Amino acid sequence: MPELPEVEAARRAIEDHCVGKKIVKAIIADDPKVIDGVSLDDFRASLEGKTIVAANRKGKNMWIELDSPPFPTFQFGMAGAIYIKGVAVTKYKRSAVKDDDEWPSKYSKVFLELDDGLELSFTDKRRFARVRSLKNPVSVPPISELGPDALLEPMTVDEFYKAFSKKKIGVKALLLDQSFISGIGNWIADEVLYQARIHPMQTASSISKEDCATLLKCIYEVTEFAVEVDADCSRFPSEWSSKKLLKLAQIVVSILLVGFSIPGKRNLARPLLMGRKSSLSRLVAGLQPLCRTYKRWWELNLQKQQVKGSRSKFRESSITIVMVKTRNQKLKRQKLGNQRGSGVGQIIRELLLTRS
């Protein structure tokens, strides 16, 4: 999901390449789920002939300021993305449009052609984004309901600690609450908690003022650095947990499983491995988003499963064999039971805590 750094990268791209240019053509997708509260004709008319004055952002929301209202406003959802033809803008894995794909993409929801020939498109493959035409975006939901922007409106330590002391929920859940602080999603929350060494389930009110100060510092430093590198994870510091997880996907060379099950993820094994013992690359690829979700705090219930007959028939047993390889170690084989919190969870925690 695009978070503050990804949306800020899109805003900067528009600011750098589109400000001062006139919109000569607008194509709006006939998708009422995404295009919210405005007819296609009215939306098109509100754009064509207007000049782009600025690009603004709060939290995960962005709007393009024109020389007269209303303004197009973008809530990026799960996979919203800005593309400018010929300009490199941060691409999110869930929304990436390949260079050789049709242009504008079939997933384009708003397409703008500017008077110098530059073309801009807002795409959304998963249709969780919302695009609106608003006279004053900051005065109405969802932007009016947002808390202070994590980067542009940092709280003081006293404000942060006072707000935390009143909350009886887990600290990660609080950071994800956009009415409390805006712009933080799963990966930023995981990263800042990892850097601050605070468990995501710890009750916010139980966190000391000193730890609140550390957490606040980590929030600012993580978001600021991610913005500076245009949310390009390959340029993140090696000590960041997200970088360690990329390394983890390379470290795990073989997991001898046909499939595995995780509470709440019952159908994960089948699409990952398709019932083939040789499809290990699919499993490794599937581990990465799971690791991103659970980080070093996860507990997996891994199970060896065998296929009899069709790929859809699984038989569960309690033995898991995991093979991992690091730079300084030979291939290591470990036989594990599926006791909660043991085995592979411990191996992964150790890998994540090993400095690159």
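To be clear, the structure that these remarks concern was listed above.
Note that the coordinates shown come from a computational prediction; the quantities given were computed from them, not determined experimentally. (Residues numbered from 1 in each chain as written. Predicted model: local features only at pLDDT ≥ 70, side-chain atom pairs only at ≥ 80, totals over all residues. Heavy atoms only, no water.)

Participant: Would you take a moment to explain the environment of R127 for this structure?
Facilitator: Along the chain, R127 turns up in the loop between strand 7 (119-124) and strand 8 (130-134). Residues R127 and G77, 50 residues apart in the sequence, show an inter-C-alpha distance of 7.9 Å. With residues near it in sequence (within four places) discarded, R127 still touches D31, K33, V34 and K109. Separated by 2.8 Å, the side chains of R127 and D31 make a polar contact. (Helix = DSSP H or I, 4+ residues; strand = E, 2+ residues; numbered from the N terminus. Contact = heavy atoms within 4.5 Å. Polar contact = N/O pair within 3.5 Å; in protein donor to acceptor, adjacent residues only side chain to side chain.)

Participant: Is there a simple way to think about the pattern of salt bridges in this case?
Facilitator: Side chains carrying opposite charge are able to pair once their charged atoms draw close together. The tally for this structure, following the rule as stated, stands at 15 salt bridges. A salt bridge links K58 to E153; its shortest N-O distance comes to 3.8 Å. Here K58, found in strand 2 (residues 52-58), pairs with E153, found in the loop between strand 8 and helix 3 (157-164); they are 95 residues apart in sequence, far enough to count as distant. Across the pair K172 and D190 runs a salt bridge, and its minimum N-O distance is 3.0 Å. With K172 in helix 4 (residues 171-176) and D190 in helix 5 (residues 186-196), the pair connects residues that are 18 residues apart, well separated along the chain. (Salt bridge = Lys/Arg side-chain N within 4 Å of Asp/Glu carboxyl O.)

Participant: What's the story with the environment of H199 in this structure? I'm lost.
Facilitator: Within the secondary structure, H199 is located in the loop between helix 5 and helix 6 (209-228). Classification of H199 as partly exposed rests on a relative accessible area of 37%. It is 8.3 Å that separates the C-alpha atoms of H199 and K172, two residues lying 27 residues apart in sequence. For H199, the side chain forms a polar contact with the main-chain nitrogen of M201, separated by 2.9 Å. (Buried < 20%, exposed > 50% of the residue type's maximum accessible area, 1.4 Å probe, protein only.)

Participant: Mind showing me how you'd approach the packing of aromatic side chains here?
Facilitator: Two descriptors summarise a pair of aromatic rings, namely the distance from one centre to the other and the angle between the planes of the rings. Counted under the stated rule, the structure contains seven aromatic pairs. Considering the side-chain rings of F74 and F122, the 4.9 Å spacing of their centres and the 40° angle between planes classify their relative orientation as tilted. Placement of F74 in strand 4 (residues 71-75) and of F122 in strand 7 is noted, with a sequence separation of 48 residues between them. The exposure class assigned to F74 is buried, which follows from its relative accessible area of 1%. (Phe/Tyr/Trp six-rings, centres within 6.5 Å; stacked < 30°, edge-to-face > 60°.)

Participant: What exactly am I supposed to notice about helix 2 (residues 40-47) here?
Facilitator: The periodicity of an α-helix, 3.6 residues per turn, causes residues three or four positions apart to be oriented the same way. Turning to helix 2, its buried residues are F43, S46 and L47. Seen from one end, helix 2 has its buried residues packed into an arc of 95°, which puts them on one side. Opposite the buried face of helix 2, by more than 90 degrees, sit the exposed residues D41, D42 and A45. On the buried face of helix 2, the contacting elements are strand 1 (23-28), strand 3 (61-66), strand 4, strand 6 (108-114) and strand 8. Positive phi appears at G49, one or two residues downstream of helix 2, with a value of about 85°. (Arc of directions from axis to C-beta.)

Participant: Where do I start with the sheet that holds strand 2 in this structure?
Facilitator: Sheets are built from strands that pair by backbone hydrogen bonding, the pairs being arranged parallel or antiparallel. If you walk across this open sheet you meet the four strands as 2-3-4-8, and the pairing is antiparallel. Two strands in the sheet have a free side with no partner beyond their single neighbour: strand 2 and strand 8. Ignoring which end each strand starts from, the neighbouring axes of this sheet average 20° apart. Inspection of the sheet shows strand 4 paired to strand 8 by five bridges, in the antiparallel sense. Across the sheet, the residue bridging to Q75 is R130, located in strand 8. Relative to strand 2, helix 1 (residues 4-17) is tilted by about 170°, and along the sheet it contacts strand 2 and strand 3. (Pairing = 2+ DSSP bridges. Axes fitted to C-alpha atoms, helices over the stretch in contact; angles between N-to-C directions.)

Participant: Which parts of the structure should I look at to understand the packing of helix 5 against helix 6?
Facilitator: Between two packed helices, both the angle of their axes relative to each other and the distance between the axes serve to describe the pair. Between helix 5 and helix 6, the least distance of the axes is 9 Å, while the angle of their chain directions is 130°. Judged by the inter-axis angle, helix 5 sits oblique to helix 6. Helix 5 and helix 6 meet at a crossing whose hand is right-handed. Where helix 5 approaches helix 6, its residues W187, I188, E191, V192, L193, Q195 and A196 are matched on the opposing element by T214, L215, C218, I219, V222, T223 and A226. (Parallel < 35°, antiparallel > 145°, perpendicular 65-115°, else oblique. Left-handed = near helix turned anticlockwise from the far one by under 90°.)

Participant: So what exactly am I meant to see when it comes to the sheet that holds strand 5 (residues 80-84) here?
Facilitator: Across the sheet, which stays open at both edges, the four strands sit in the order 1-6-7-5 with antiparallel pairing between neighbours. Each edge of the open sheet is held by one strand with a lone partner, namely strand 1 and strand 5. Averaged over all adjacent pairs, the angle separating strand axes in this sheet is 10°, with direction ignored. As judged from the five bridges shared by strand 5 and strand 7, these two strands associate in the antiparallel manner. Bridge pairing links I84 to L120 in strand 7. Here helix 2 sits on the sheet in contact with strand 1 and strand 6, set at roughly 160° to strand 1.

On their own, these measurements won't tell you what the molecule is for.
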